[in-house]
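Remarks on the overall topology
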Amino acid sequence: DAKTTQPNSMESNEEEPVHLPCNHSTISGTDYIHWYRQLPSQGPEYVIHGLTSNVNNRMASLAIAEDRKSSTLILHRATLRDAAVYYCILRVANYGQNFVFGPGTRLSVLP
Amino acid sequence: DAGVTQSPTHLIKTRGQQVTLRCSPKSGHDTVSWYQQALGQGPQFIFQYYEEEERQRGNFPDRFSGHQFPNYSSELNVNALLLGDSALYLCASSLGTSGSYNSPLHFGNGTRLTVT
């Protein structure tokens, strides 16, 4: 399975943008980049995914490097509710639900 | 629209016992997978069910088994419980398998299993 590398923890101030990095140097051409987050005492929650182009949705933006060896999840204005563990996952196309989760990045948001 | 529901929310069992956890997928979803999450770690894939059959399996022993019912709900069974089986067990659902790379997983809030 392709692997990802994320910082163990990050800190942000409320209402400021947050850039969460992810390295995936062994990514293959058919691997989708997925981001999930897990709030305390809850199951993981889908955030965003992409293949090559940058993606935006109501929760966040995903910036993918041109060589696809890294990506960045962007929260445009962090709120206290965004404090969570964020997981960057590579998902092989048509490979079912076998997601390989790493330890993720624990994001703290300071008021 | 109900999301993924799991029961029970908490469970305490004794080493050597057997346990059954239950999951109802999000409305409209037909594929269910189970994950084990130890404290401080990311979830680990156990197996996936689609059309009432196990389609994929992670690196878990045969003590872990499952079932999917015609209404798409699912059960996870663990036999001969070990202390190391203490974890949060998460159920996730999505629509279909072949196109599921583009279908996000929806997770329940899990069952916290404690083995003493």
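Up top is the structure.
First, a word on scope: everything that follows refers to the structure included in this document. (Residues numbered from 1 in each chain as written. Chains lettered and ligands numbered in written order. Predicted model: local features only at pLDDT ≥ 70, side-chain atom pairs only at ≥ 80, totals over all residues. Heavy atoms only, no water.)

1. Re the overall build of chain A
On a plain count of helices and strands, chain A comes out with zero helices and nine strands. Sequence-ordered secondary structure for chain A, helices as α and strands as β, is β-β-β-β-β-β-β-β-β. For chain A, whose C-alpha radius of gyration is 13 Å, the value lies close to the compact-globule estimate of 13 Å for 111 residues. The principal-axis extent of the C-alpha atoms belonging to chain A is close to 40 × 30 × 25 Å. Counting all 111 residues of chain A, 45% fall into the buried class. Side chains of chain A give 9 positive and 10 negative charges; the mean places of these two sets differ by 6 Å. (Helix = DSSP H or I, 4+ residues; strand = E, 2+ residues; numbered from the N terminus. Rg over C-alpha atoms; globule rule 2.2 N^0.38 Å. Buried < 20%, exposed > 50% of the residue type's maximum accessible area, 1.4 Å probe, protein only. Lys, Arg positive; Asp, Glu negative; His and termini not counted. Charge placed at Lys NZ, Arg CZ, Asp CG, Glu CD.)

2. A short note on the packing of aromatic side chains
In the structure shown here, the tally under the stated rule is twelve aromatic pairs over all chains. Both rings, one in Tyr87 of chain A and one in Phe101 of chain A, keep their centres 5.1 Å apart while their planes meet at 85°; by these two values the pair is edge-to-face. With a gap of 14 residues between them, Tyr87 of chain A in strand S8 (residues 84-92) and Phe101 of chain A in the loop between S8 and strand S9 (105-110) connect regions that are remote in the sequence. We classify Phe101 of chain A as buried; its relative accessible area is 5%. When the ring of Phe60 of chain B is compared with that of Phe64 of chain B, the centres are 5.2 Å apart and the planes differ by 70°; the resulting orientation is edge-to-face. (Phe/Tyr/Trp six-rings, centres within 6.5 Å; stacked < 30°, edge-to-face > 60°.)

3. Re the sheet that holds S9 of chain A
All names here are of chain A. Here we have five strands laid out as an open sheet, ordered S1-S9-S8-S3-S4, and mixed in their pairing. The open sheet has two edge strands, strand S1 (9-13) and strand S4 (45-50), and neither has a second partner. Averaged over all pairs of adjacent strands, the angle between strand axes in this sheet comes to 25°, irrespective of strand direction. With three bridges joining them, S8 and S9 adopt antiparallel strand pairing. Residue Val85 lies in a different strand from S9, and its bridge partner there is Arg106. (Pairing = 2+ DSSP bridges. Axes fitted to C-alpha atoms, helices over the stretch in contact; angles between N-to-C directions.)

4. Examining the pattern of salt bridges
Residues and elements named next belong to chain A. Under the defined criterion, the tally for this structure stands at seven salt bridges over all chains. Note that Glu45 and Arg37 form a salt bridge whose closest N and O atoms lie 2.9 Å from each other. Looking at Glu45, the relative accessible area reads 26%, which means it is partly exposed. Several salt bridges share partner residues, and in doing so they unite Arg37, Glu45 and Asp82 into one network. (Salt bridge = Lys/Arg side-chain N within 4 Å of Asp/Glu carboxyl O.)

5. Remarks on the state of the cysteines
Applying the stated rule across the entire model yields two disulfides over all chains. Across a sulfur-sulfur distance of 2.1 Å, Cys22 of chain A and Cys88 of chain A are joined as a disulfide pair. On the sign convention where negative means left-handed, the S-S torsion of about -85° between Cys22 of chain A and Cys88 of chain A marks this disulfide as left-handed. You can see Cys22 of chain A sitting in strand S2 (residues 18-23) and its partner Cys88 of chain A sitting in strand S8, a full 66 residues away along the chain. This pair shows no difference in class: Cys22 of chain A is buried, exactly as Cys88 of chain A is. Bridging Cys23 of chain B to Cys91 of chain B, the disulfide has an S-S length of 1.8 Å. For the disulfide bridge between Cys23 of chain B and Cys91 of chain B, the dihedral angle about the S-S bond is near -65°, and by the sign convention the bridge is left-handed. Pair noted here: Cys23 of chain B is in strand S3 (residues 19-24) and Cys91 of chain B is in strand S9 (residues 87-94), with a separation of 68 residues, a long-range link. Since its relative accessible area comes to 3%, Cys23 of chain B is described here as buried. (Disulfide = S-S within 2.5 Å.)

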